[in-house]
Amino acid sequence: MPHTLPVLYSFRRCPYAMRARLALLSAGEKVALREVVLRAKPAAFLAASPSGTVPCLVTDQGVIDESLDIMRWALARRDPQGMIGAQGATSADWITRCDGPFKSALDRTKYESRYPECDADAQRALAATFLTDLDRQIGAGEWIFDRQSLTDLAIAPFVRQFAAIDAAWFAAQPWPSLQAWLARFCAAPAFERIMQKYAPWEPEADVVIFPPQA
């Protein structure tokens, strides 16, 4: 079926793909979604993505192969909720810490067997340092800054992934602001919409339009 929409190669549970879908949903930017099975990546996806990782957005101007770049592309085109304007001066620092030291510690906690040279408890402690700081930043508010912004969308999927490693441990930590922020994020209709399940994409499949209708 021919179409003229940008094509988004995605994987439902990948936090990088989640934040790309969140920004596309916030922007109301329609794409043709292609759900990728990571253990059997389609040839069309590998031909499009320089890195072979999701998310990957194919537009008529070229390929966008980084999740943050997809977020910025979508919100630069349309930002009805003011996600970009709601960011604080330290937004880039928070995202850099999330994508760098926190993500590294998350992986070494969650996938302990892949990193036998690392102590999982020490890695969890490193991740907790970031989360303690994030709890303080949220404070009495509801979001990382005065209102929900691109920063929340970029970071929350990774905190959710970390929290799921040991939900009881996470719930027992002295992070009331962070825990409430994450619960608010996961309970939002937007999160439910971006987590809708799709069949793996095949070349002859009908086009799947994302975002789905509310």
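In what follows, the structure referred to is the one given above.
Residues numbered from 1 in each chain as written. Predicted model: local features only at pLDDT ≥ 70, side-chain atom pairs only at ≥ 80, totals over all residues. Heavy atoms only, no water.

Draft legend 1. The overall build of the protein chain, seen in detail. Scanning the protein chain from terminus to terminus reveals 9 helices and 5 strands. Going from the N terminus to the C terminus, the protein chain shows its helices and strands as β-α-β-α-β-β-α-α-α-α-α-α-α-β. The C-alpha radius of gyration computed for the protein chain amounts to 18 Å, which stays within 12% of the reference 17 Å derived for 214 residues, consistent with globular compactness. The principal-axis extent of the C-alpha atoms belonging to the protein chain is close to 50 × 40 × 25 Å. Out of the 214 residues belonging to the protein chain, those deemed buried represent 48%. Carbon and sulfur atoms provide 52% of the accessible area of the protein chain, an area that totals close to 10800 Å². (Helix = DSSP H or I, 4+ residues; strand = E, 2+ residues; numbered from the N terminus. Rg over C-alpha atoms; globule rule 2.2 N^0.38 Å. Buried < 20%, exposed > 50% of the residue type's maximum accessible area, 1.4 Å probe, protein only. Areas by Shrake-Rupley, 256 points an atom, 1.4 Å probe, with all protein chains shown as cover.)

Draft legend 2. A look at the side chain of Gln 161. Within the secondary structure layout, Gln 161 lies in helix 6 (residues 150–165). Looking at Gln 161, the relative accessible area reads 15%, which means it is buried. With sequence-adjacent residues up to four places away left out, Gln 161 is seen in contact with Pro 15, Lys 103, Leu 106, Lys 110 and Tyr 111. (Contact = heavy atoms within 4.5 Å.)

Draft legend 3. Molecular detail of the packing of helix 4 (residues 91–110) against helix 6. For the pair helix 4 and helix 6, the least separation of the axes is 10 Å and the interaxial angle reads 15 degrees. Judged by the angle between their axes, helix 4 and helix 6 are roughly parallel. Between helix 4 and helix 6 the crossing geometry is left-handed. Residues Ser 91, Trp 94, Ile 95, Cys 98, Asp 99, Phe 102, Lys 103, Leu 106, Thr 109 and Lys 110 of helix 4 form the contact with helix 6, whose participating residues are Leu 150, Thr 151, Ala 154, Ile 155, Phe 158, Val 159, Gln 161, Phe 162 and Ile 165. For the contact of helix 4 with helix 6, a count of residues per class yields 12 nonpolar, 4 polar and 3 charged. (Axes fitted to C-alpha atoms, helices over the stretch in contact; angles between N-to-C directions. Parallel < 35°, antiparallel > 145°, perpendicular 65-115°, else oblique. Left-handed = near helix turned anticlockwise from the far one by under 90°. Nonpolar A, V, L, I, M, F, W, Y, C, P; charged D, E, K, R; others polar.)

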